[in-house]
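# Descriptive structure summary
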Amino acid sequence: MALRIELKPFERIVIGQCVITNSNSRAAFLVDGKVPILREKDILTPKTANSPVKRLYLCAQQMYLEDDIAKYQEFYMGFAKDLLEAMPSFRAQIEAASNLILSGSLYNALKVIRKMMKREEEMLKVTHV
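Since we're looking at a predicted model, the values are computed, not measured.

Calculation notes
All chains use their own residue numbering, which begins from 1 and follows the written sequence. This being a predicted model, a pLDDT of at least 70 is required before a residue's local features are given, and a value of 80 or more before pairs of side-chain atoms are given or counted; all residues contribute to the totals for chains, interfaces and linings. In computing side-chain properties, one takes all heavy atoms of the structure into account and sets aside hydrogens as well as water. Only Phe, Tyr and Trp rings take part, Trp by its six-membered ring, and two of them pair if their centres are within 6.5 Å. Stacked means planes under 30 degrees apart, edge-to-face means over 60, and tilted covers everything else. Each helix is a run of H or I in the DSSP string that is no shorter than four residues. Each strand is a run of E no shorter than two, and both are numbered from the N terminus. Between buried and exposed lies partly exposed: a residue is buried under 20% and exposed over 50% of the maximum accessible area for its type, with that area taken using a 1.4 Å probe on protein chains only. Two conditions define a charge sitting above a ring: the NZ of Lys or the CZ of Arg must be within 6 Å of the ring centre, and it must be within 35 degrees of the ring normal. The axes used here are C-alpha line fits, helices contributing only the stretch in contact, and every angle between their N-to-C directions lies in the interval 0 to 180 degrees. An angle counts as roughly parallel when it lies under 35 degrees, as roughly antiparallel when it exceeds 145, as roughly perpendicular when it falls between 65 and 115, and as oblique in every other case. Between two residues, a contact is recorded if the distance between any of their heavy atoms is within 4.5 Å. Note on residue categories: nonpolar means Ala, Val, Leu, Ile, Met, Phe, Trp, Tyr, Cys or Pro, charged means Asp, Glu, Lys or Arg, and polar means any other residue, Gly included. For this document, the term salt bridge refers to a Lys or Arg side-chain nitrogen within 4 Å of an Asp or Glu carboxyl oxygen.

So, on to the packing of aromatic side chains. All chains considered together, the criterion is met by one aromatic pair. Ring centres of Y64 and Y107 lie 5.8 Å apart, and the angle between their planes is 50°; this geometry places the pair in the tilted category. A residue pair is termed long-range when its members are at least 10 positions apart, and Y64 in helix α1 (residues 52-66) and Y107 in helix α4 (residues 106-127) qualify at 43 residues. Taking the relative accessible area as the measure of exposure, Y107 reaches 33% and is therefore partly exposed. Cation over ring: R119 sits above F90, and NZ or CZ is 4.3 Å from the ring centre.

What follows is the structure, given as structure tokens:
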């Protein structure tokens, strides 16, 4: 079954190893086949990965986009360990994301980590008030 994607004007998307930038009008298209896809709003860069959860996400993102868990596994484990030390309450979510990665469900692992990013942001707001 094809995945239907709609892009806003000038929105970017990563499909496989390619970055596609939409023109000045909305666009819709179908993607058939198995290829990693991430919208611009879901992409982190090394510069924007400025928190423990974001570093974990960036690592899982690279696993997903490059389809190479082994290449990033050691980094991921280190980031997960650092995160657990800083925020032990994230244990269940880290375990869930890690299990999804081990089962090959990398996109679903990213969804779990994105929820963790929102929670981390909320926690940081409370500590800075």
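Anyway, onward from the coordinates.
Moving on, we get to the packing of helix α2 (residues 69-86) against helix α3 (residues 91-102). Two elements in contact, α2 and α3, have axes whose closest approach is 11 Å; the angle formed by their N-to-C orientations is 175°. In this view, α2 runs roughly antiparallel relative to α3, as classed from their interaxial angle. Every residue of α3 that contacts α2 at I69, Y76, A80, L83 and L84 is listed here: R91, I94, A97, S98 and I101. Residue composition of the contact of α2 with α3, by class: eight nonpolar, one polar and one charged.

Turning our attention to unusual backbone geometry. In most cases, non-glycine residues show a negative phi, while peptide bonds are predominantly trans. Of note, F10 is a non-glycine position whose phi angle comes to about 65°, a positive value. Structurally, the position occupied by F10 is in the loop between β1 (3-7) and β2 (12-15). A positive phi angle, close to 50°, is found at D67, a residue other than glycine. By the element assignment, D67 lies in the loop between α1 and α2.

Any two side chains of opposite charge can pair if their charged atoms end up close together. What the rule picks out here adds up to seven salt bridges. Here R39 makes a salt bridge to E11, at a shortest N to O gap of 3.0 Å. Pair noted here: R39 is in strand β5 (residues 37-39) and E11 is in the loop between β1 and β2, with a separation of 28 residues, a long-range link. Linking D42 and R114 is a salt bridge whose minimum nitrogen-to-oxygen distance equals 3.7 Å. Linking D42 in the loop between β5 and α1 with R114 in helix α4, this pair joins segments that are 72 residues apart in sequence. Each member of the pair, D42 as well as R114, carries the same accessibility label: buried. Residues joined by salt bridges that share partners form a network here, namely R4, E6 and R26.

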